[in-house]
Amino acid sequence: MTQPPVSAAGATDEGTSALLDDAAGYALHDGAMQVPERNPGDFWSLECRDVVKSFGSNRVLNGIDLGIPEGMITVILGPSGTGKSVLIKHLIGLLFPDRGEVLVHGSSVAHMTMSELLAMRRRFGILFQDGALFGSINVYDNVAFPLRQHTDYSEATIRDIVRARLSEVGLAGSERKMPSELSGGMKKRAGFARALVLEPEIVMFDEPDSGLDPVRTALLCELIEEVHAEHGGTYIVITHDIATARKIGEYIAVLWKGRIVQSGDREKMFNSENPFVRQFLSGASRGPLGME
Amino acid sequence: MDPSNATAESDDAPSARVDPARMLELFAQVVERAAADSRFGERLALARTTVLMQLGDSEELMATMIFDRHPVSVRPGLVGDPEIEIRMSPEEFERFWSDGVHPAMAIAEGRITYEGPVRKILRVVPILRRVRATYAELGAERGD
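Residues numbered from 1 in each chain as written. Chains lettered and ligands numbered in written order. Predicted model: local features only at pLDDT ≥ 70, side-chain atom pairs only at ≥ 80, totals over all residues. Heavy atoms only, no water.

Visitor: Would you mind going over the interface of chain B and chain A in detail, with residue names and values included?
Guide: Between chain B and chain A, the contact holds 22 residues from the first and 31 residues from the second. Counting the surface lost from both chain B and chain A, the interface buries some 2,100 Å², and carbon and sulfur atoms represent 50% of this. The largest share of the area that chain B buries against chain A comes from B:Arg43, B:Arg119 and B:Arg123, three residues that together contribute 33% of it. Counting every contact that joins chain B to chain A gives five salt bridges. For B:Arg130, the salt bridge is made with A:Glu230, and the minimal N-O distance between the two is 2.9 Å. (Contact = heavy atoms within 4.5 Å. Buried area = accessible area lost by both parts, 1.4 Å probe. Salt bridge = Lys/Arg side-chain N within 4 Å of Asp/Glu carboxyl O.)

Rendered as structure tokens:
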């Protein structure tokens, strides 16, 4: 990719436009892994192919090409307002693209029947920013909820699973607490336990570091790594926090203005020559990323 | 799969530090231990697949990962009709098994070639890495 001019923050329209115009000439973004598949889903866990999404005149996703490899922790990293939340909703079939397609294990989400879509969503465990616990029931019942909704397990089996998952996230003994009695970090861990109970193949974390101090963020990152090592599968962490990406991102994709600028393994990304990626990952004020 | 790709990089790569046949043997032993371990056994079977793994071009360096049932196992040679075939140099296997390098990256870079839904076995790679770390003493006992 031709390098755009690097300019001071706040005076970057020309450089920004050049970078985006430059990227627009490529079917695949800089550094994208290209793995030939005989059948869709042979290699990729999830794949976005030229995904475009607009709301009115606001184009939020601007041609996303992204493969998410199986068995790794992938971090999708980007500044605020770059389309991260909209991308998540596409990955789990809550939104559908205006153009392009999203494949989950090789199947196009847009072409799934409702029953296929529901089955596909069961492969996902999702940890929302605040844990998204039901406020009127205790931690145990929150974590048991998906099991009672989606399985015919006996209460004894559910108890074993819930206790195991709560123990795994360090909440053994907190079963009877109400969500209002939990700290922000505990809510996230309870949400994590709930995301795991159906043994999902893909676990997605929406800004897991939001509202946490650096120490608790680091502890949560360790927990995510630990649980991934025990369970396997595809973990996707959506964040703007560079420290989180550095700590747990085995594969990192940088999103900006609805487009993936670059993706690659951690070492490659933190040694990137791309001016935007370099600026963003180093937290520098000078570069194509301004205050707009 | 083009077999010529599988070992294309091995000419430039350093030789495996451990005898490849012993690595495969150790791999099978560690998986056998893990299969009986309540922390790992059932989760490894979530791969729900079978894999023929070949190191280099030698048919003697083949093993079949039977991960479609509990307990999982690794058996020498070709067993049955595996759903997936993966081929890599002995050095690449060592990078994964001893150094923890993720095989997805090696596939993307062409150092590991595959046929079939390789994603299924990649799903449990993190668990295999944990298993390897847990049973590292097996290699140490053998002087590997």
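Visitor: So, unusual backbone geometry: which residues are in play, and what are the values?
Guide: Between B:His70 and B:Pro71 the backbone carries a cis peptide bond, its omega angle lying at 5°. Positive phi values are uncommon outside glycine, yet A:Glu207 reaches one of about 45°. Summarising the element assignment, A:Glu207 is placed in the loop between strand 7 (202–206) and helix 7 (214–231). According to the relative accessible area criterion, A:Glu207 is buried, its value standing at 10%. Positive phi is not limited to glycine here, since A:Lys257 has a value of about 50°. (Helix = DSSP H or I, 4+ residues; strand = E, 2+ residues; numbered from the N terminus. Buried < 20%, exposed > 50% of the residue type's maximum accessible area, 1.4 Å probe, protein only.)

Visitor: Go over the side chain of B:Thr64, please, and point to the residues and values.
Guide: All names here are of chain B. For Thr-64, the location among the structural elements is in strand 2 (residues 62–67). Separated by 2.6 Å, the side chain of Thr-64 and the backbone oxygen of Gly-77 make a polar contact. Polar contacts involving the side chain of Thr-64 include one to the main-chain amide nitrogen of Val-79, which spans 2.9 Å. Once residues within four sequence positions are removed from consideration, Thr-64 is found in contact with Val-51, Leu-52, Ser-73, Val-74, Arg-75, Gly-77, Leu-78, Val-79 and Pro-82. (Polar contact = N/O pair within 3.5 Å; in protein donor to acceptor, adjacent residues only side chain to side chain.)

Visitor: So what's going on with the nonpolar core? Which residues, and what values?
Guide: What tends to happen in soluble globular proteins is that the nonpolar side chains get buried as a cluster. Ranked by size, the top nonpolar core spans 50 residues in total, and within it A:Phe43, B:Leu44, B:Phe67 and B:Phe93 carry the most contacts. Per element, the largest residue contribution to this core is nine residues, and it comes from helix 2 (residues 20–35) of chain B. Apart from the residues within four sequence positions on either side, A:Phe43 is in contact with A:Met33, A:Val35, A:Glu37, A:Pro69, A:Glu70, B:Ala104, B:Ile107, B:Tyr114, B:Val118, B:Arg119 and B:Leu122. One finds A:Leu166, A:Val203, A:Met269 and A:Leu281 within the second-largest nonpolar core, a separate group that totals 44 residues. (Core = buried A, V, L, I, M, F, W, Y, C linked by side-chain atoms within 4.5 Å.)

Visitor: Residue-level account of the pairing of strand 7 of chain A, with values.
Guide: All names here are of chain A. Of all the five residues making up strand 7, five are buried; the element is thus mostly covered by neighbouring parts of the structure. The alternating pattern of strand 7 places Ile-202, Met-204 and Asp-206 and Val-203 and Phe-205 on opposite faces, both of which are buried. One ladder, built from four bridges, connects strand 6 (residues 124–127) with strand 7; its direction is parallel. Its bridge partner being in strand 7, Leu-127 is matched across the sheet by Phe-205. Here five bridges tie strand 7 to strand 8 (residues 234–239), and the two strands are oriented parallel to one another. Residue pairing across strands places Phe-205 opposite Val-237, the latter belonging to strand 8. (Pairing = 2+ DSSP bridges.)

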